[in-house]
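Inside the fold
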Amino acid sequence: MKILFITPALDPNFGGAPISEASLAKSLGDLGQVQVLCRRKFHVPDFSKKFQLKVREFAPVDFLLAWCWPWHVLNRDVKNSNVVHINGHWRWENFFASRLCLRHQIPYVLHPRGMLLVWHRKVWLKHLFNWFIGNSIVQNASKLIALSQFEVRHFEKYRVAKEKVFVQPNGVSWSIEAKRFFENPLPETPKYLLYIGRLEKRKNLMFLVEAFAQIANEGLGMQLVLMGPSERGYDLEVKKRVSELGIERWVTFRAPIYGDEKWAFIQHAKAVLYPSVEEPFGRVPFEAIAAGSQPVVPDQSGGKEYLEPFMPENIYRSADLTSLTEVLRRVS
């Protein structure tokens, strides 16, 4: 079997999605030959080499050229594939990739990874995108992969047949070398709650710091660590809110770290917090479990779907500040 795997990014600086996609592309190699296509400016060769991927870079206009010129290399890539796997949604080249699949009668799978929900930023542009090309991309897919039943709700407005939808959570991998941190714990376990991820509005960090403020002055000596890259200067807004709440000495902002150092930081946290809104899956809560910590997630999330049978006490009611505060107090 020949699989053509199209991804917008293979760059670890884009967070967990490229890691999930690279891991999936590698695992699909067990089924056949995988050719990965990645946007030229978002490919880090050293990153893809770690997953032993065969990658060809493209510019978005290449798919338009392939649609117009049958001799273009991307046209040949699609034609010679048994199935095409398209990741993400808000990319106009996906439309021409899907049209090439229809032209050559090659089935394609759409893996939106939480991107079908129209909200947050550029809402009107997203509506226009769907009106002109987005709905067609979704509706003509042979299969759609959802990360959770929670995410399936995002598909409803696209009017796709239920039998087309398949639910498959992301895989979570971790460095086997990180096991040494279990055998060699720090002399004194740090007392902190950890958020790890991008600092952006949809991660619901304002809600988190407001809940943490309720326990910051209760004598628990607990710190809140917010670790990750800031998007559009959003860290400044969060710092301002932290200052308004008078909890600066209890909140620390850290740049992202990777590898074994990251796993150690996760393991020694009292809990790993993931308050993101409308998150269909999210790798972080499951990385927390893998590293030996415990996650805290809202009930309106895909994570709750998988975690509730095992740790219902670590799930709080979304938009309920008191509920989150109670969970933070207990895990502290």
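Residues numbered from 1 in each chain as written. Predicted model: local features only at pLDDT ≥ 70, side-chain atom pairs only at ≥ 80, totals over all residues. Heavy atoms only, no water.

1. Side note on the sheet that holds strand S4 (residues 83-87)
Backbone-to-backbone hydrogen bonds pair the strands of a sheet. The strands run either parallel or antiparallel. The condition is simple: We treat two strands as partners when DSSP finds at least two bridges between them. Helix and strand assignments follow DSSP, with helices taken as H or I runs no shorter than four residues and strands as E runs no shorter than two, numbered in order from the N terminus. Angles run from 0 to 180 degrees between N-to-C directions of axes, and those axes are lines fitted to C-alpha atoms, restricted for helices to the stretch in contact.
Taken in spatial order, the 7 strands make up an open sheet running S3-S2-S1-S4-S5-S6-S7, and their pairing is parallel. Edge positions in the sheet fall to strand S3 (55-58) and strand S7 (165-167), since each of these pairs with one other strand and no more. Strand after strand, the sheet turns through a mean of 25° between neighbouring axes, direction not considered. Pairing of strand S5 (residues 108-111) with strand S6 (residues 143-146), which is carried by 2 bridges, proceeds in the parallel orientation. Along S6, the bridge assignment pairs Leu110 with Leu144.

2. Quick notes on the side chain of Ser136
Keep this limit in mind: Throughout, exposure labels follow a simple rule: accessible area from a 1.4 Å probe, protein chains only, divided by the maximum for the residue type, with under 20% read as buried, over 50% as exposed, and the rest as partly exposed. By definition in these notes, contact holds between two residues if any of their heavy atoms fall within 4.5 Å.
In this structure, Ser136 sits in helix H6 (residues 123-139). What makes Ser136 buried here is its relative accessible area of 18%. Residues contacting Ser136, with those up to four places away along its chain left out, are Phe95, Arg99 and Tyr108.

3. Observations concerning the side chain of Ser48
The residue Ser48 is located in helix H2 (residues 45-50) in this model. In this structure Ser48 comes out as buried when scored by relative accessible area, which is 3%. Those residues in contact with Ser48 that sit more than four places away from it in its chain are Leu10, His43, Leu53 and Val55.

4. Let's talk about the environment of Cys38
Assignment of secondary structure puts Cys38 in strand S2 (residues 33-39). The buried category is assigned to Cys38, whose relative accessible area is 0%. Along the backbone, Cys38 and Leu10 are 28 residues apart, and their C-alpha atoms lie at a distance of 6.8 Å. With residues up to four places along the chain from it excluded, the contact list for Cys38 reads Thr7, Pro8, Ala9, Leu10, His43, Val55, Arg56, Glu57 and Phe58.

5. Details of the sheet that holds strand S10 (residues 251-254)
Here 6 strands make up an open sheet; going across it, the order is S10-S9-S8-S11-S12-S13 and the pairing parallel. In this open sheet, the two strands that pair with only one neighbour each are S10 and strand S13 (315-316). Sheet topology note: the strand S8 (residues 192-196)/strand S11 (residues 271-273) ladder contains 3 bridges and is parallel. Across the sheet, residue Tyr195 finds its bridge partner in S11, namely Leu273. Against the sheet, helix H11 (residues 259-267) contacts S8, strand S9 (223-227), S10 and S11, and its axis sits at roughly 135° relative to S8.

6. Looking at empty space enclosed by the protein
Applicable threshold: Cavity and pocket criteria rest on a 1 Å grid covering protein atoms alone: a 1.4 Å probe that fits but cannot get out defines a cavity, protein on both sides within 12 Å along at least 5 of 7 lines defines an open pocket, and an atom within 4 Å of a point defines a lining residue. Grid points are joined across faces, edges and corners, and a volume is the space filled by probe spheres set on the points.
A complete count under the given rule lists 1 cavity of 30 Å³ or more for this structure. The volume enclosed by the largest cavity comes to roughly 30 Å³. Along its surface, the largest cavity is lined by Tyr274, Ser276, Glu279, Phe281, Pro285, Val297, Pro298, Ser301 and Gly303.

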